[in-house]
Amino acid sequence: MHPRCRSTTIEALSPELMKKLERRARDPETGELRTVPADMTYREWYGKYVGGGELTGGGESGIIKPITIEAINECASDEVLSKECKTTIYETLKSQGTLRDYDEVKIVRIPPDKDGRIEVLRTNAESSPGYPKVTLEINEAALGGMSKEIVDEMFRLDNYTAAMSLEEAIIHECGHAKVLRGKTYAQYEAEDEILKGDAFTNPIKGREDKKSLKDLAGKVSEYAQKDGMECIAECHVIISRGGSIPSDLKALYDKYIS
Ligand SMILES: [Zn+2]
């Protein structure tokens, strides 16, 4: 479905150039306009000017906005991405509380990988000296022109992932977005490295049966066994559906998503 969920893209503008540019932002307390560095992301701005409280006030108070239904409607024509799929994407991001975790939703075209598997959705965290720009990418090659009914059927028939519908495939992506929340790109990369390695494949300390997190992930889905980050996103699907997962996986999940 999305074997390279967290792959990165090349920035068109160099970080050196971005540092020299400034853009306008509104101070959340005084309402005054001020300039911020152009390479400052929403999360950096939030951390600096708003602090650790609840995310309130809405996008209308500044340049940085949560994902809107209009933005999703505009990312592709209804022929390319059906109206119902667009609405489902928006409503699921909303119900997951992740409209602000994404900086952008966009249509991309990703061909099938060497195993013939096609990614439907992808949460792309762009490499950055600070906080990453997080984009929800929708693969036109997978969803282009399809009704939601067909898309749901596709997920129902595919047993590789835990997702049984478009909603749940988006919930998987929201799992990634929630892990990314509040982390700099460097912090996220460091966690990702750990979860790709021994921490995932070595036997869990204290377990009589010497099982690893990867072994336990097999109870969630085949895809959950790929690496720790995918396991967490797959667990997020099961938990959001009200299902249960092995306690060692729940501990991993709770460490990254709360
Ligand atoms: Zn994923």
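Here is a short report on the structure shown in this document. (Residues numbered from 1 in each chain as written. Predicted model: local features only at pLDDT ≥ 70, side-chain atom pairs only at ≥ 80, totals over all residues.)

### Notes on the overall build of the chain
Reasoning step 1: The helix and strand tally for the chain stands at 12 helices and 5 strands.
Reasoning step 2: In the chain, which comprises 258 residues, the share counted as buried stands at 36%.
Reasoning step 3: Long-range contacts, defined as pairs at least 24 residues apart, comprise 65% of the intrachain contacts of the chain with a sequence gap of at least 6. (Helix = DSSP H or I, 4+ residues; strand = E, 2+ residues; numbered from the N terminus. Buried ≥ 20, exposed ≤ 12 C-beta atoms within 10 Å, placed from the backbone. Contact = placed C-beta atoms within 7 Å.)

### Here's the deal with the environment of Ser221
Reasoning step 1: Note that Ser221 resides in the loop between α10 (213–217) and α11 (228–240).
Reasoning step 2: For Ser221, the residues in contact, after removing those within four places along its chain, are Tyr160, Thr161, Ala162 and Glu234.

### Describing helix α12 (residues 247–256)
Reasoning step 1: Looking at α12, one finds that the buried residues are Leu249, Leu252, Tyr253 and Tyr256. Down the axis of α12, the smallest arc covering the buried residues is 100°, so these residues share one side. Away from its buried face by more than 90 degrees, α12 exposes Ser247, Ala251, Asp254 and Lys255.
Reasoning step 2: Taken together, the buried residues of α12 touch α7 (166–180), α10 and α11. (Arc of directions from axis to C-beta.)

### Details of the nonpolar core
Reasoning step 1: With 49 residues, the main nonpolar core has Leu93, Ile170, Val220, Cys231, Ile232, Cys235 and Leu249 as its most contacted residues.
Reasoning step 2: At the level of secondary structure, the elements contributing two or more residues to this core comprise α4 (83–95), β4 (121–126), β5 (133–139), α6 (148–157), α7, α10, α11 and α12.
Reasoning step 3: The element best represented in this core is α7, accounting for 8 residues. (Core = buried A, V, L, I, M, F, W, Y, C linked by C-beta atoms within 7 Å.)

### Things to note about α7
Reasoning step 1: With 15 residues, α7 extends 21 Å between its outermost C-alpha atoms, agreeing within 8% with the 21 Å of an ideal straight helix rising 1.5 Å per residue.
Reasoning step 2: Of all 15 residues in α7, 14 are buried, a share of seventy percent or more.
Reasoning step 3: A positive backbone phi angle near 75° is found at Gly182, which sits one or two residues after α7. (Expected span 1.5 Å × (residues − 1).)

### Thoughts on the pairing of β4
Reasoning step 1: Among the 6 residues in β4, 5 count as buried, and that is most of the element.
Reasoning step 2: Bridge analysis of β4 against β5 gives 6 bridges, and the strand direction is antiparallel. Bridge assignment links Arg122 to a residue of β5, and that residue is Glu137.
Reasoning step 3: Taking the residues that link successive antiparallel strands as the turn, the β4-β5 hairpin has 6 residues. (Pairing = 2+ DSSP bridges.)

### Description of the environment of Ile204
Reasoning step 1: Within the element layout of this structure, Ile204 appears in the loop between α9 (198–201) and α10.
Reasoning step 2: Judged by local crowding, Ile204 falls into the partly exposed class, with 19 C-beta atoms found within 10 Å.
Reasoning step 3: Distance from Ile204 to Lys214, taken between C-alpha atoms, is 9.8 Å for residues 10 residues apart in sequence.
Reasoning step 4: Once you skip the residues sitting within four places of it in the chain, Ile204 turns out to touch Lys211, Ser212, Leu213 and Asp248.

### Examining the sheet that holds strand β3 (residues 104–108)
Reasoning step 1: With mixed pairing, the 3 strands of this open sheet are ordered in space as β3-β5-β4. Only two strands of the sheet have a single partner each, and these edge strands are β3 and β4. On average, adjacent strands in this sheet sit at an angle of 30° to one another, irrespective of strand direction.
Reasoning step 2: Sheet topology places β3 next to β5; 5 bridges connect them, and they run parallel. Counted as the bridge partner of Ile107 is Ile138 from β5. (Axes fitted to C-alpha atoms, helices over the stretch in contact; angles between N-to-C directions.)

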